[in-house]
Amino acid sequence: MTATRALLLPPTRAEYCVIACAEAWRGDGEVLASPMGLIAAVGARLARLTFAPDLLLTDGEALLVRPDGTTEGWLPYRRHLTLVTGGRRHVMMGASQIDRFGNQNISCIGDWERPKRQLLGVRGAPVNTLNNPTSYWIPKHSRRVFVERVDMICGVGYDHAAGARHHRIPRVVSDLGVFDFATPDHSMRLASLHPGVTLEQVREATSFDLTIPDEIPPTREPTPDELRLIREVLDPDNTRTREVGS
Amino acid sequence: MSDKTMTAEQAVSRLESGMTLGIGGWGSRRKPMALVRALLRSGVTDLTVVSCGGPDVGMLAAAGRIRKLVAPFVTLDSIPLEPHYRAARESGAFELMEVDEAMFMWGLHAAANRLPFLPVRAGIGSDVMRVNPGLRTVTSPYEDGETFVAMPALRLDAALVHLNRADRLGNGQYLGPDPYFDDLFCEAAEAAYLSCERIVDTAELTKEAAPQTLLVQRHTVTGVVEAPNGAHFTSCAPDYGRDEAAQRKYATTPWAEFAEGYLAPSEGAGS
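Residues numbered from 1 in each chain as written. Chains lettered and ligands numbered in written order. Predicted model: local features only at pLDDT ≥ 70, side-chain atom pairs only at ≥ 80, totals over all residues.

Residue and element names in this part refer to chain B. At a minimum axis distance of 7 Å, the contact between helix H3 (residues 55-62) and helix H4 (residues 83-90) shows a crossing angle of 50 degrees. On the basis of their axis angle, the class for H3 and H4 is oblique. In the packing of H3 onto H4, the handedness of the crossing is left-handed. Seen from H3, the contacting residues are Val57, Gly58, Met59, Ala61 and Ala62; seen from H4, they are His84, Tyr85 and Ala88. Among the residues making up the contact of H3 with H4, the classes are represented as six nonpolar, two polar and no charged. (Axes fitted to C-alpha atoms, helices over the stretch in contact; angles between N-to-C directions. Helix = DSSP H or I, 4+ residues; strand = E, 2+ residues; numbered from the N terminus. Parallel < 35°, antiparallel > 145°, perpendicular 65-115°, else oblique. Left-handed = near helix turned anticlockwise from the far one by under 90°. Contact = placed C-beta atoms within 7 Å. Nonpolar A, V, L, I, M, F, W, Y, C, P; charged D, E, K, R; others polar.)

Here it is as structure tokens:
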């Protein structure tokens, strides 16, 4: 198929997810975008190439790089942690579990003392959530992930953030939609549905009650230029469909 | 000035069961595997291990050498979940002090600075406080009045780290992009054992590299071990990358079977 014809194909679910992730960094200015997961990473680079040109990006190791790979800075782990506590970063983490107030778990499933399933560990989730904006990218929205209560609070949610002056969870993006905490009690709200997804699907895949607005907007369409960047520049091998199928 | 070179076996012979042992590197990156292998060949056990964990933790856990682990995570990077660590945790094999990465770093800083603790804006609100009931908080004495975790110093009886180059006195050099916390481990320890890819003359260290690559200073080092390929199968940029095939074999082979070949004396230190 020629490149021109490929661009005529309508956006896929994975591409709506890229757009929804990219939007997390809109208006952030000169801060580090730290995406975890493939689609979040494509989203961060898309934002950097289009509407958020001041974003900083890493190579996933210790270097700050431009989208073309040119090194522009040095960011080993210890400086990365200082950047976190300085607040000049917006991270998009994954979550093995997340609850209606945005508490996140990547440590273990079951009782912490003797877990049913040991996962990564808390990593930097506690320091991230108290210091810089923390969004989440969840490729498979299900009741096992969107739980009533997480087994181990790693990333701090709104109901545990009293007195945390720099705590903020701008958005949660899943393969079904975009969610935020713009409610009086900071519980999770459906912010937009990806085209092709129904409200019923979201409800069935979520273990807790979401706030549903009267009018549910769709996740916005990618522009032709954004589609071209995603398909031809940022992810020409279409690895994004491995994270979110069509 | 004293020549501190020794073999991996000599370094390990100075360790004792029950010690608190810091291990440098990060995940499956620049782990002092030649020293860990010598440790596994020894009878030293009942250890408190302090590590940004990778296969070092997995192997010591599989071999039953850990009494307590202090870590923010354990991972093989390209294989996110460390299989032997998982098995050990799921069978309740040892005590765990699970802390955040920033808490871990400031715990090493506190030990290196001979402070009892350092305040960290991390942990509060999370279950790190629930699973570590010994953690205390401290409130700013200034106008802001903010409350922080008082991260206790992570003092170490000994530290093991692996760098790219060192001289015979213990001046250690990293040539990759990330120092990780290796210098902090050495500064936080009573005794530090530094393995390296190659021991060179002091003058050669800065012949082609900038002085800021001299990460570890000799006053913090007790022993220097030349161990070519001594981080294998973890990465040691720029000398070599991670040996993914070897790591996959480690991750998919039952420990007893893997250890038979891995710990055989014919496999030279660092090979």
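On we go.
Moving on, we get to the sheet that holds strand E12 (residues 189-193) of chain A. Residue and element names in this part refer to chain A. Spatially, six strands are ordered E1-E4-E9-E10-E11-E12 in an open sheet, and the strand pairing comes out mixed. Edge positions in the sheet fall to strand E1 (32-35) and E12, since each of these pairs with one other strand and no more. Strand-to-strand, the axes of this sheet are offset by a mean angle of 20 degrees, without reference to chain direction. Two strands pair when backbone bridges link them, and E1 and strand E4 (residues 89-93) are joined in this way by four bridges, in the parallel orientation. If you follow Ala33 over to E4, its bridge partner there is His90. Of the strands in this sheet, E1, E4 and strand E9 (134-138) touch helix H3 (residues 38-49), which is tilted by about 155 degrees from E1. (Pairing = 2+ DSSP bridges.)

Before going further, it helps to examine unusual backbone geometry. Residue and element names in this part refer to chain B. Cis peptide bonds are those with omega within 30 degrees of zero, and the linkage from His232 to Phe233 qualifies with 5 degrees. Among the structural elements, Phe233 can be located in the loop between strand E12 (223-226) and helix H9 (244-252). Going from Ala237 to Pro238, the amide bond is cis rather than trans, its omega being 0 degrees. By secondary structure assignment, the location of Pro238 is in the loop between E12 and H9. Although it is not a glycine, Arg114 adopts a positive phi angle of roughly 55 degrees. In this structure Arg114 comes out as exposed when scored by C-beta crowding, with 10 C-beta atoms within 10 Å. (Buried ≥ 20, exposed ≤ 12 C-beta atoms within 10 Å, placed from the backbone.)

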